[in-house]
Amino acid sequence: MHTENLATAVLAGGCFWCTEAVFQRLTGVQSVISGYTGGTIKNPAYREITTGRTGHAEAIQITYDPSQISFTTLLEVFFATHDPTTLNQQGADKGTQYRSAIFYADAQQKATAEQFIAALTEAKVFEQPIVTEITELGAFYNAEDYHQNYYNQHSDQGYCQFVIQPKLSKLTHHFQEQLKTELKS
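This is a predicted model, so every value here is computed, not measured. (Residues numbered from 1 in each chain as written. Predicted model: local features only at pLDDT ≥ 70, side-chain atom pairs only at ≥ 80, totals over all residues. Heavy atoms only, no water.)

### Digging into the packing of helix α1 (residues 16–23) against helix α6 (residues 158–174)
Geometrically, a packed helix pair is captured by the angle between its two axes and the distance between the axes.
Working step 1: Running from N to C, α1 and α6 cross one another at 35°; their axes reach a closest spacing of 10 Å. Between α1 and α6 lies a crossing whose hand is right-handed. Taken together, the residues of α6 that come into contact with α1 (itself represented by Trp17, Cys18, Ala21 and Val22) are Tyr159, Val163, Ile164, Lys167, Leu168 and Leu171. (Axes fitted to C-alpha atoms, helices over the stretch in contact; angles between N-to-C directions. Helix = DSSP H or I, 4+ residues; strand = E, 2+ residues; numbered from the N terminus. Left-handed = near helix turned anticlockwise from the far one by under 90°. Contact = heavy atoms within 4.5 Å.)

### Thoughts on the packing of helix α3 (residues 71–80) against helix α4 (residues 107–122)
Working step 1: At a minimum axis distance of 10 Å, the contact between α3 and α4 shows a crossing angle of 45°. Accordingly, the angle class assigned to the pair α3 and α4 is oblique. Our pair here, α3 against α4, has a crossing hand that is right-handed. Contacts between α3 and α4 involve Phe71, Thr72, Leu75, Glu76 and Phe79 from the former and Gln109, Thr112, Ala113, Phe116, Ile117 and Leu120 from the latter. (Parallel < 35°, antiparallel > 145°, perpendicular 65-115°, else oblique.)

### Description of the pattern of salt bridges
Two side chains of opposite charge can pair, provided their charged atoms sit close to one another.
Working step 1: Inspection of the entire model under this criterion finds one salt bridge.
Working step 2: In this structure, Glu133 engages Arg99 in a salt bridge whose closest nitrogen and oxygen atoms are separated by 3.1 Å. Residue Glu133 is found in strand β7 (residues 133–136), and its partner Arg99 is found in the loop between β5 (93–94) and β6 (100–104); the two are separated by 34 residues along the sequence. (Salt bridge = Lys/Arg side-chain N within 4 Å of Asp/Glu carboxyl O.)

### Description of the pairing of β6
Working step 1: In terms of burial, β6 is a largely internal element, five of the five residues being buried.
Working step 2: Residue alternation in β6 divides its side chains into two sets, Ser100, Ile102 and Tyr104 and Ala101 and Phe103, and both sets are buried.
Working step 3: One ladder, built from four bridges, connects strand β1 (residues 7–13) with β6; its direction is antiparallel. Each bridged residue has a counterpart across the sheet, and for Ala12 the counterpart in β6 is Ala101.
Working step 4: Summarising the sheet, β6 and β7 pair through four bridges and their orientation is parallel. The partner of Phe103 across the bridge, within β7, is Thr135.
Working step 5: Regarding the hand of the β-α-β motif, the stretch spanning β6, α4 and β7 is right-handed. (Buried < 20%, exposed > 50% of the residue type's maximum accessible area, 1.4 Å probe, protein only. Pairing = 2+ DSSP bridges. Right-handed = clockwise from strand over helix to strand, strands pointing away.)

### Some thoughts on the side chain of Glu20
Working step 1: Mapped onto the fold, Glu20 is located in helix α1.
Working step 2: Buried charge without a partner: Glu20 forms no salt bridge, and the closest opposite charge is Arg25, 7.5 Å away.
Working step 3: A polar contact is formed between the side chain of Glu20 and the backbone nitrogen of Tyr150, at a distance of 2.9 Å.
Working step 4: In contact with Glu20, not counting residues within four places along its chain, are Val32, Ser34, Ile60, His147, Gln148, Asn149, Tyr150 and Tyr151. (Lys, Arg positive; Asp, Glu negative; His and termini not counted. Polar contact = N/O pair within 3.5 Å; in protein donor to acceptor, adjacent residues only side chain to side chain.)

### Remarks on the environment of Lys110
Working step 1: Mapping Lys110 onto the fold places it in helix α4.
Working step 2: Residues Lys110 and Ala9 lie 101 residues apart in sequence; the distance between their C-alpha atoms is 11 Å.
Working step 3: Lys110 has contacts with Tyr104 and Ile134, leaving out every residue within four places of it along the chain.

### Comments concerning α3
Working step 1: Most of α3 is tucked away: seven of the ten residues are buried.
Working step 2: For α3, every residue scored as buried is listed here: Phe71, Thr73, Leu74, Leu75, Val77, Phe78 and Phe79.

As structure tokens, this is what we get:
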């Protein structure tokens, strides 16, 4: 795989442990890094993010092969595996750091995201209005090492069982064709 053929997408859908676990399982996704973006300070730490005062969102940086998975498919999975209608909240996780957001890298990603949300809205896929923000990507800061690959290393923990596993079950049920070969049932 030549890196010049890869693209990057940055998405925030609540806790990055959840979104990381979902996107790691998709064919064409080369890597997923948990981190922080959209805030006002440089090199934020988790302890600062959790206050909600830095403006950063817990996000993931997805490196993917567009010949295997499209940005649109990434958006399909994104909107199917989190609630884009709750402002600054996913489940029990509350605060601006848990907001739903698409951080676009270029005009094409921005247009695709806007069109995708417009189509979901027109089709009335969600009962409540979509509050997912579409924001230009600024600096992305990798989260601390202990946040990386979290679900795969701690799948027996309560949060992983009760919050992340249902998202993975939904992914497996609705996106069977997009799963990496070793994960298909």
